[in-house]
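# Overview (structure and organization)
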Amino acid sequence: MKLKKVLTLAAVAALSFTLVACGGNKDAGKSAGDDKTIVVGATPNPHAEILNEVVKPLLEKDGYKLEVKVFNDYVLPNKGLTEKSLDANFYQHSPYLDEYNKKNNTDLTYTVKVHLEPMGVYSDKVKNVNDVKEGALVAVPNDPTNESRALKLLAKEGLIKVADKEILTKNDITENPKKIVVKELAAEQLPTALKDVDLDVINSNYALEAKLNPLSDSIAIEAKDSPYSNILAVRSDNKEDEKIKALSKALTSPEVKKYIEDNYKGAIIPSF
């Protein structure tokens, strides 16, 4: 009798554990799986700012709840999207996403182009790119697409010449009359490196986060017809979801366009 009672209690405990575990799994996947909740990964400025200030109220009117998860690097938001802890992310351009897909054997895609963040060259030491001395230290982003952008910008300014190819590294510099030394850093580290280098090529989102205005503080900047518009990245399996369509519509709304134009004064340019 005693043995029977023990076995019964053990069975009840096992059943309770199973129910709790199932309930826990359901709750853990609720945010990114809920049809009325949209979880978006974004870098702080301007992406999270645009989402929280403009897109969130627009989506609330349509019955959706927007949750913005802020990241300070360029890798984790794509991992989160692949692993389905995020429904979408907003921080990158399509060449970066293409390179990420190739490197990681993923098939992430995008729905809309939202804005262009022109990359700028900054310096605490010179007023013109070509005023740097021989052997100058120049910091650039270390991811393939943004390093390519940086090197092409330096070439456009006449400091170097580079190979005629899409993806470039410092090894693709074909002419370097001033023998500049290129230092590759993670994009988020570039603003803090400004004081230690002669030239610093910084993505606009990190420049803005460091209180640098790409238009007034840079000594050279990408042309407005740059192909590197920032996109809303999604998975192939949720691209046609109604909530993704609602998010895409809100991100390319007249309200977002006006907010970008009014708040960033040309440092960020709408792509729609």
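See the structure above.
Now for a description of the structure that goes with this document. This is a predicted model, so every value here is computed, not measured.

For the rest of this paragraph, the subject is the overall build of the protein. Looking only at helices and strands, the protein features 10 helices and 13 strands. Taking all 272 residues of the protein together, 47% fall into the buried category. Long-range contacts, defined here as pairs at least 24 residues apart, represent 74% of the contacts in the protein between residues at least 6 apart. Of the accessible surface of the protein, which amounts to about 13900 Å², a share of 53% is contributed by carbon and sulfur atoms.

Moving on: the side chain of N101. Tracing the chain through its elements places N101 in helix α5 (residues 94-104). One polar contact links the side chain of N101 to the main-chain carbonyl oxygen of L108, over a distance of 2.8 Å. With residues up to four places along the chain from it excluded, the contact list for N101 reads T106, D107 and L108.

Turning our attention to the layout of surface pockets. The calculated volume of the largest pocket comes to roughly 260 Å³. Forming the walls of the largest pocket are 16 residues, and the residues nearest its centre are Y74, V75, Y96, K103 and D143. Broken down by secondary-structure element, the contributors of at least two residues to the lining of the largest pocket are α5 and α6 (144-156). Sort the elements by how many residues they give to the lining of the largest pocket and α5 lands first, with five residues.

Here we come to helix α10 (residues 254-264). Of the positions making up α10, those classed as buried are V256, Y259, I260 and Y264. The buried residues of α10 occupy one face: seen down the axis, they fall within an arc of 100°. For α10, exposure combined with an orientation more than 90 degrees from the buried face picks out P254 and K258. Close packing links the buried residues of α10 with α3 (44-61), β4 (109-116), α8 (204-209), α9 (242-251) and β13 (269-270).

The rules behind these values
- Residues numbered from 1 in each chain as written.
- Predicted model: local features only at pLDDT ≥ 70, side-chain atom pairs only at ≥ 80, totals over all residues.
- Heavy atoms only, no water.
- Helix = DSSP H or I, 4+ residues; strand = E, 2+ residues; numbered from the N terminus.
- Buried < 20%, exposed > 50% of the residue type's maximum accessible area, 1.4 Å probe, protein only.
- Contact = heavy atoms within 4.5 Å.
- Areas by Shrake-Rupley, 256 points an atom, 1.4 Å probe, with all protein chains shown as cover.
- Polar contact = N/O pair within 3.5 Å; in protein donor to acceptor, adjacent residues only side chain to side chain.
- 1 Å grid on protein atoms, 1.4 Å probe; cavity = no way out; pocket = protein on both sides within 12 Å on 5 of 7 lines; lining within 4 Å.
- Points joined across faces, edges and corners; volume = space filled by probe spheres on them.
- Arc of directions from axis to C-beta.

Any link to function would need more than the numbers given here.
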